[in-house]
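# Structural overview for review
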Amino acid sequence: MTVRLGSKVETTDVPWAALVPILVILLAFVVFCWVDISRHAVKHLPKWAWAIIVAISIPLGGIVYLIVGRDSNRQ
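Source: prediction; values computed, not measured.

## Focus: the packing of helix 1 (residues 16-39) against helix 3 (residues 60-69)
Each pair of packed helices can be described by the angle between their axes along with the distance between the axes. Where helix 1 meets helix 3, the axes come as close as 10 Å, and the angle between the chain directions of the two elements is 35 degrees. In this structure, helix 1 crosses over helix 3, and the sense of that crossing is left-handed. Across the interface between the two elements, Phe29, Phe32, Cys33, Asp36 and Ile37 from helix 1 touch Gly62, Ile63, Tyr65 and Leu66 from helix 3. Of the residues assigned to the contact of helix 1 with helix 3, the class counts are seven nonpolar, one polar and one charged.

## Some points on the packing of helix 2 (residues 47-56) against helix 3
Put simply, helix 2 and helix 3 touch, their axes get as near as 7 Å, and they point 145 degrees apart. On helix 3, the residues touching Trp50, Ile53 and Val54 of helix 2 are Gly61, Gly62, Val64, Tyr65, Val68 and Gly69.

Scoring rules and cut-offs
Residues numbered from 1 in each chain as written. Predicted model: local features only at pLDDT ≥ 70, side-chain atom pairs only at ≥ 80, totals over all residues. Heavy atoms only, no water. Axes fitted to C-alpha atoms, helices over the stretch in contact; angles between N-to-C directions. Helix = DSSP H or I, 4+ residues; strand = E, 2+ residues; numbered from the N terminus. Left-handed = near helix turned anticlockwise from the far one by under 90°. Contact = heavy atoms within 4.5 Å. Nonpolar A, V, L, I, M, F, W, Y, C, P; charged D, E, K, R; others polar.

Below, the structure written as structure tokens:
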């Protein structure tokens, strides 16, 4: 990719081989949280709100859901 900054031209190469596994792990984490939200009871917010929080704030939203929003009295 070529980026033009004023009169200066810089070339940046994105290391896709390194980023793809990280993106796959993050996507799997979001899917795990969504499945958990859909199958179990949640605390403090409705399920749809937790699903949006998990999707918008990756991975912090999922971590907050697992710590705060997940019902600990599940079977």
